[in-house]
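Given next are the chains, with one letter for each unit.
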Amino acid sequence: MQPVKFLILRFSSIGDIVLTTPVIRCLKEQVEHAEIHYFTKPEYKEILEANPYIDKIHLLKPDLGAQIQELKHEFFDYVIDLHKNIRTRRILSGLKIISFSFDKLNLKKWYYVNFKVNKLPDKHIVDRYLEAVDIFDVENDARGLDYFIPSRDEVDLEQFPEPFSSGYIGFVIGAKHHTKKMPPDKIVSVINKIQFPVVLLGGKEDREAGETIRQSSESPVYNACGAFSINQSASLVRQARLIITHDTGLMHVAAAFRQKIISIWGNTVPEFGMYPYQPHPDSALFEIRELNCRPCSKLGYQKCPKKHFRCIRDISDEAMAAKARSLL
C-alpha cells in the first residue's frame, strides 16, 4: 500500500519545535502507513534527527523557490503548517496540495496585551496543534512531549567535578528577551538561598552572565552556558534533580523529560498557552498576577517599558528557593 506522506512545517524555535512532537508521534502511530517529513531550519536539525517518528528532515535553503520545486518531487499528500507565517504561505502556494493549520490566536493575544482582557481559550498550544490534524481522526495520546538524544550527545556526569557529578539543579538563565528573565543578582540570591550545586544552562550569549553568577554565588555553580550543544544541554536537563527556568525553549525540553520544573514568568503569561506541557506533577509556576501592566507583550522586550520590572523583581527569592528545596 502507498504511504500517506505528510510534510510538517515549523521553522523556529527550539521550544516551538519540541511542542510539535505530539503531532509527529500521533500522526505516525495513528494514521495507517503515515510517512512523516519535517521542514525546518538547519540549526534545528539536531533536535529532530534522533526522533524515530520522522522519516525525513528537509532543511531550509537560501533559494526557497528552488526548494519548493524539490519538495514537489516528494509528492506529498498533505501539509501540516504549524508555523503559519509568510514563508509557510509561500510554500503552501507553491506546493498546491491540501494543507491544515491551527489558530495562532494573535488577535486575542493582542487584545490581552493592549486591553488586559483575556479572551483566550484555556487550551495549551499543543492541543491547538493537534486540532490541525483532527480530520485524520488523530487523538491526543496523553504521552506529552518527545525529545530524543543521540547516544553520542549524552553527557557523562562522571566527567564533571564534585559536587556536580553527585546531583545538581539545572538553572536555565537565558531567554530571547530580557523581560522574560531574572537579572544575575536575583539568580544569585535564589541560588544562595537553595544551597545546592547548580549547573547554569543557556547559549553562548549567556556565558558572560553565567560567569558573573558563578563568581558571585556562595553555592557551587558550574557555568555550562555556550559550552554544550543543544542535545548535550538537553542531556544536562534530563539528568538534573530539578529545573528552574524562564519561559524559554529548555523549559519545554524539561517538560519532555517529565522533569520537576520551577518556571518563572515575567512579561509573558501562561494564559498564552505555552506553559510546561505535562511535566512532573510537582512542578510549580511563579508569577506576579496582580500587576496591571502584565502582559506587556506576547514575546518580550529588551527592557521593561515601565522601567520598574516588577513582574520579575517582585517574585519572592525565598519562595522560589523554598519550593526548590522542597522538590529536592
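Residues numbered from 1 in each chain as written. Predicted model: local features only at pLDDT ≥ 70, side-chain atom pairs only at ≥ 80, totals over all residues. Heavy atoms only, no water.

**Focus on the sheet that holds strand E5 (residues 99-100)**
Right, on to step 1. Pairing in this open sheet of five strands is parallel, and the strands run E3-E2-E1-E4-E5 from one edge to the other. Looking at the sheet topology across the chains shown, the edges are occupied by strand E3 (56-59) and E5.
Right, on to step 2. Set on the sheet, helix H2 (residues 21-30) makes contact with strand E1 (4-9), strand E2 (34-40) and strand E4 (78-81); between it and E2 the angle comes to about 160 degrees.
Right, on to step 3. The strands touched by helix H4 (residues 64-72) are E1, E2 and E3; relative to E2, the strand with the most contacts, the crossing angle is about 175 degrees. (Pairing = 2+ DSSP bridges. Helix = DSSP H or I, 4+ residues; strand = E, 2+ residues; numbered from the N terminus. Contact = heavy atoms within 4.5 Å. Axes fitted to C-alpha atoms, helices over the stretch in contact; angles between N-to-C directions.)

**Regarding the pattern of salt bridges**
Any two side chains of opposite charge can pair, so long as their charged atoms come close to each other.
Right, on to step 1. Per the counting criterion, the structure on display carries 23 salt bridges.
Right, on to step 2. Here lysine 56 makes a salt bridge to glutamate 74, at a shortest N to O gap of 2.6 Å. Of this pair, lysine 56 sits in strand E3 while glutamate 74 is found in the loop between H4 and E4, placing the two residues 18 residues apart along the sequence.
Right, on to step 3. On the accessibility criterion, lysine 56 (37% relative accessible area) is partly exposed.
Right, on to step 4. Between arginine 289 and glutamate 271 there is a salt bridge; the shortest N-O distance is 3.2 Å. Of this pair, arginine 289 sits in the loop between strand E11 (284-286) and helix H12 (310-313) while glutamate 271 sits in the loop between strand E10 (261-264) and E11, and the two are 18 residues apart along the sequence. (Salt bridge = Lys/Arg side-chain N within 4 Å of Asp/Glu carboxyl O. Buried < 20%, exposed > 50% of the residue type's maximum accessible area, 1.4 Å probe, protein only.)

**Description of the environment of glutamine 278**
Right, on to step 1. Tracing the sequence through the fold places glutamine 278 in the loop between E10 and E11.
Right, on to step 2. Here the alpha-carbon distance between glutamine 278 and glutamine 239, two residues 39 residues apart in the chain, equals 18 Å.

**Things to note about the packing of aromatic side chains**
Right, on to step 1. Under the counting rule described, the total for this entry stands at 15 aromatic pairs.
Right, on to step 2. Judged by centre distance (5.0 Å) and plane angle (40 degrees), the ring pair of tyrosine 111 and phenylalanine 115 falls under tilted. Here tyrosine 111 pairs with phenylalanine 115, and both are found in helix H6 (residues 106-115), just four residues apart, close to one helical turn.
Right, on to step 3. On the basis of relative accessibility, which here comes to 48%, the residue phenylalanine 115 falls in the partly exposed class.
Right, on to step 4. Of the aromatic side chains, those joined through ring pairs into one cluster are Phe6, Tyr78, Phe100 and Phe136. (Phe/Tyr/Trp six-rings, centres within 6.5 Å; stacked < 30°, edge-to-face > 60°.)

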